[in-house]
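Here is how the chains run, residue by residue.
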Amino acid sequence: MSQTTDRNDSVALPRRNRFGVLFAAVWMVFLGGPLIEGWNLRDEVRGWTGILATITFSALYLYTFATTQQRRRMTMTRPKIREAALALAALTVLAAVMIVSVGPTGLAAAPYLAVTAVTLLPTVAGGILALVFAASVEIVSLSSGWGNYSGLSLGVCAAAFATWGIMSLISRNFAMLHEREEQEQRAIMEERTRMARDLHDILGHSLTVITIKAELANRLLDVDIERARSELDDLERLSRDALADVRSAVEGFRGISLPVEIARAREALRAAGIEDDVPSSTDMVPTRLRELFAWTIREGVTNVVRHSGATHCRITVDERSASVVDDGRGAGSTSSGNGLIGLRERAGASGARVIITHPEPQGFALQVVEQEKV
């Protein structure tokens, strides 16, 4: 899917750029005057020189326009000053050759020079150079005795101003496009992080319980075959539940049940040989906190079973808090664990905070408390 999308994007960009070049090429019709004048003077060298200079000017202008637009679209930057200066210098020389070769009709190149200056250079520099080209039209026409070309000078200014407006709009559109693409990429990364975190929590808990039950069943095979068979049945059920949880996480269904997590916690603690003290009811927990407290119990019990070496674990829930307290070593869980990091993110999103303490003389306490609204 991603390869196809990338391929389509790589095709679409040049295609849009080609349409932009075709749009710019339409305006080259105003260079028909120098071509016609050059054809009328084809018996002289300057006629063919004017034709060749006009064609070369048109080709270089379109090439500069196309490469500049593609650079703006891809990198949101203008050409380097050196590249811009070389392009403008080449176009200016060609325009001068056109004027010398075919006379006043060669002044038709002036608007294109102004447009190129505004396109390639920063706003102030491009505007100043456009005014220079407009003034040059007046100076050349008056000094050569060709009459008053004020209309063309105004056209040069108008073309530069219109191009500046269009380029500003295009730049904003490109910026919005790039921003949207960056937001989409951030959303993808956040979703991947969420899925990885959820899978870590789900599999960490489920596989821990499955491992403990497998060890218990193995020990019971030579002692109590019926109890071992019961434990193996539980293993099958737990593995199916874990598979269902993983599928739900992958499909984006993040909700988990608080009563189910308490029941699983009781089962996991008993399988690990840890005395449990769990609530018999969760009716007092408001709906907005039930999922968060379920994740709290899952993370807390997983750490108790895995790391604590505890003999007793107490789980409590009320209207504003949930806690898991054990009497173990108290060093198994750290604030840098992936599970606790994920739990802190969930708590923060629900307006709660995670509190970790170490009861005396030993033990570990994980508590999530809803913060009071000011």
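Residues numbered from 1 in each chain as written. Predicted model: local features only at pLDDT ≥ 70, side-chain atom pairs only at ≥ 80, totals over all residues. Heavy atoms only, no water.

Going by what an unreviewed UniProt entry lists, the protein is known as Sensor histidine kinase and is assigned to Rhodococcus baikonurensis.

### Looking at the overall build of the protein
We count it as follows: Helix and strand assignments follow DSSP, with helices taken as H or I runs no shorter than four residues and strands as E runs no shorter than two, numbered in order from the N terminus. Whether a residue is buried, partly exposed or exposed follows from its accessible area with a 1.4 Å probe, protein chains only, as a fraction of its type maximum: under 20%, in between, or over 50%, in that order. In what follows, a contact means two residues having at least one pair of non-hydrogen atoms within 4.5 Å. A 1.4 Å probe and the Shrake-Rupley method give the accessible areas. Residues count as covered only by the protein chains that appear here.
Helix and strand content of the protein: eleven helices and five strands. In the protein, which comprises 374 residues, the share counted as buried stands at 40%. Taking as baseline every contact in the protein between residues at least 6 positions apart, the subset at least 24 positions apart corresponds to 68%. Entry remark: accessible area of the protein is about 20800 Å², with carbon and sulfur atoms responsible for 60%.

### A look at the packing of helix α5 (residues 110-120) against helix α6 (residues 123-143)
Just so we agree on the cut-off: Only the contacting stretch of a helix is used when fitting its axis, a line to C-alpha atoms as for every element, and angles between N-to-C directions run 0 to 180 degrees. If an angle is under 35 degrees, it is roughly parallel; if it is over 145, roughly antiparallel; if it lies from 65 to 115, roughly perpendicular; otherwise it is oblique. Throughout, the ten residues Ala, Val, Leu, Ile, Met, Phe, Trp, Tyr, Cys and Pro are labelled nonpolar, Asp, Glu, Lys and Arg are labelled charged, and all others, Gly among them, are labelled polar.
At a closest axis distance of 8 Å, the pairing of α5 and α6 adopts a crossing angle of 170 degrees. Taken together, the axes of α5 and α6 lie roughly antiparallel to each other. Along its contact with α5, which presents Ala110, Leu113, Ala114, Ala117 and Val118, the element α6 presents Gly126, Leu129, Ala130, Phe133 and Val137. In terms of residue class, the contact of α5 with α6 is made up of nine nonpolar, one polar and no charged.

### What about the packing of aromatic side chains?
How we decide: Ring pairs shown here join Phe, Tyr and Trp side chains whose ring centres sit within 6.5 Å, with only the six-membered ring taken for Trp; geometry is labelled stacked below 30 degrees between planes, edge-to-face above 60, and tilted in between. The rule is short: NZ of Lys or CZ of Arg within 6 Å of the ring centre and within 35 degrees of the ring normal puts a charge over the ring.
Taken as a whole and assessed by the stated rule, the structure comprises four aromatic pairs. Aromatic pair tryptophan 39 and tryptophan 48: ring centres 5.9 Å apart, planes at 80 degrees, arrangement edge-to-face. Residue tryptophan 39 is classed as partly exposed on the basis of its relative accessible area of 44%. The class for tryptophan 48 is partly exposed, based on a relative accessible area of 46%. Pairing phenylalanine 57 with tyrosine 112 gives two aromatic rings, centres 6.3 Å apart and planes at 85 degrees, and the pair type is edge-to-face. Of this pair, phenylalanine 57 sits in helix α3 (residues 45-75) while tyrosine 112 sits in helix α5, placing them 55 residues apart in sequence. Each member of the pair, phenylalanine 57 as well as tyrosine 112, carries the same accessibility label: buried. Among the aromatic side chains, those forming a connected cluster through ring pairs are Phe57, Tyr61 and Tyr112. The ring of tryptophan 295 has arginine 346 sitting right over it, with the charged end atom 3.8 Å from the ring centre.

### Considering the UniProt feature "transmembrane region" (unreviewed entry) in the protein
The criterion, for reference: UniProt positions are given in the numbering used here, feature names are shortened, and annotations may be inferred rather than shown by experiment.
Within this structure's numbering, the places UniProt gives as "transmembrane region" (unreviewed entry) are residues 21-39, 45-63, 84-103, 109-137 and 149-170. Across residues 84-103 one finds 95% helix and 0% strand; the C-alpha atoms that close the span lie 27 Å apart. In the segment residues 149-170, helix accounts for 95% and strand for 0%; the C-alpha atoms at its two ends are 32 Å apart.

### Considerations on the sheet that holds strand β1 (residues 275-277)
This is how it is decided: DSSP calls a pair of strands paired once it identifies at least 2 bridges connecting them.
Read from one edge of the open sheet, five strands run β1-β2-β3-β5-β4, paired in mixed fashion. Every other strand in the sheet has two partners, leaving β1 and β4 (352-357) as the edge strands with one partner each. Taking each pair of neighbouring strands and ignoring which way they run, the sheet shows an average axis angle of 10 degrees. Of the pairings in the sheet, the one linking strand β3 (residues 321-326) to strand β5 (residues 364-370) comprises six bridges and is antiparallel in character. The residue of β5 that forms the bridge with serine 323 is glutamine 367. Running over the sheet, helix α10 (residues 287-308) touches β2 (312-317), β3, β4 and β5 and is turned about 10 degrees from β3.

### Here we look at the pattern of salt bridges
For clarity, the threshold we go by: The term salt bridge refers to a pairing of a side-chain nitrogen on Lys or Arg with a carboxyl oxygen on Asp or Glu at a separation within 4 Å.
Evaluation of the coordinates by the stated rule reveals ten salt bridges. Taking the shortest distance from any N to any O, the salt bridge between arginine 264 and glutamate 261 comes out at 3.6 Å. Of the two residues, arginine 264 and glutamate 261 both sit in helix α9 (residues 258-271), three residues apart, roughly one turn of that helix. Two residues, glutamate 261 and arginine 298, come together in a salt bridge whose shortest N-O distance is 2.6 Å.

### Considering the side chain of serine 153
Operational definition: Within 3.5 Å is the distance limit for a polar contact, defined as a pair of N or O atoms, with the added protein rule that one can donate a hydrogen and the other accept it, and that residues adjacent in sequence qualify only through two side-chain atoms.
If you trace the backbone, serine 153 turns up in helix α7 (residues 150-220). Note on serine 153: relative accessible area 8%, which makes it buried. At 2.9 Å, the side chain of serine 153 and the side chain of glutamate 138 are in polar contact.

### Digging into the side chain of threonine 119
By secondary structure assignment, the location of threonine 119 is in helix α5. There is a polar contact of 2.7 Å between the side chain of threonine 119 and the backbone oxygen of valine 115. Each residue touching threonine 119, except ones within four places of it in the same chain, is listed here: Thr68, Arg72, Arg78, Thr163 and Met167.

### Overview of the packing of helix α4 (residues 81-102) against α5
For the pair α4 and α5, the least separation of the axes is 10 Å and the interaxial angle reads 180 degrees. Here α5 runs roughly antiparallel to α4, going by the angle between their axes. Seen from α4, the contacting residues are Ala84, Ala87, Leu88, Leu91, Thr92 and Ala95; seen from α5, they are Leu113, Thr116, Ala117 and Leu120. Here the residues of the contact of α4 with α5 sort into eight nonpolar, two polar and no charged.

### A word on a nonpolar patch on the surface
Under the convention used in this document: Patch definition: residues above 30% relative accessible area lacking any salt bridge, with like charges linked at up to 9 Å and the nonpolar side chains Val, Leu, Ile, Met, Phe, Trp and Tyr linked at up to 5 Å.
The grouping of Val26, Trp27, Val29 and Phe30 at the surface amounts to a nonpolar patch, some 460 Å² of accessible area in total. Of the residues examined, tryptophan 27 reaches a relative accessible area of 47% and is grouped as partly exposed.

### Section: the nonpolar core
Note the threshold: Here, nonpolar core means buried Ala, Val, Leu, Ile, Met, Phe, Trp, Tyr and Cys residues that are tied together by side-chain atoms lying within 4.5 Å of each other.
Core analysis: the biggest nonpolar cluster contains 38 residues, and Leu292, Phe293, Ile297, Val301, Ile315, Leu343 and Val368 have the highest contact counts within it. In contact with valine 368, not counting residues within four places along its chain, are Leu292, Phe293, Thr296, Arg320, Ser321, Ala322, Leu343, Ala347, Ala352, Arg353 and Val354. Residues Leu31, Ala53, Leu120 and Ala160 belong to the second largest nonpolar core, which totals 34 residues.

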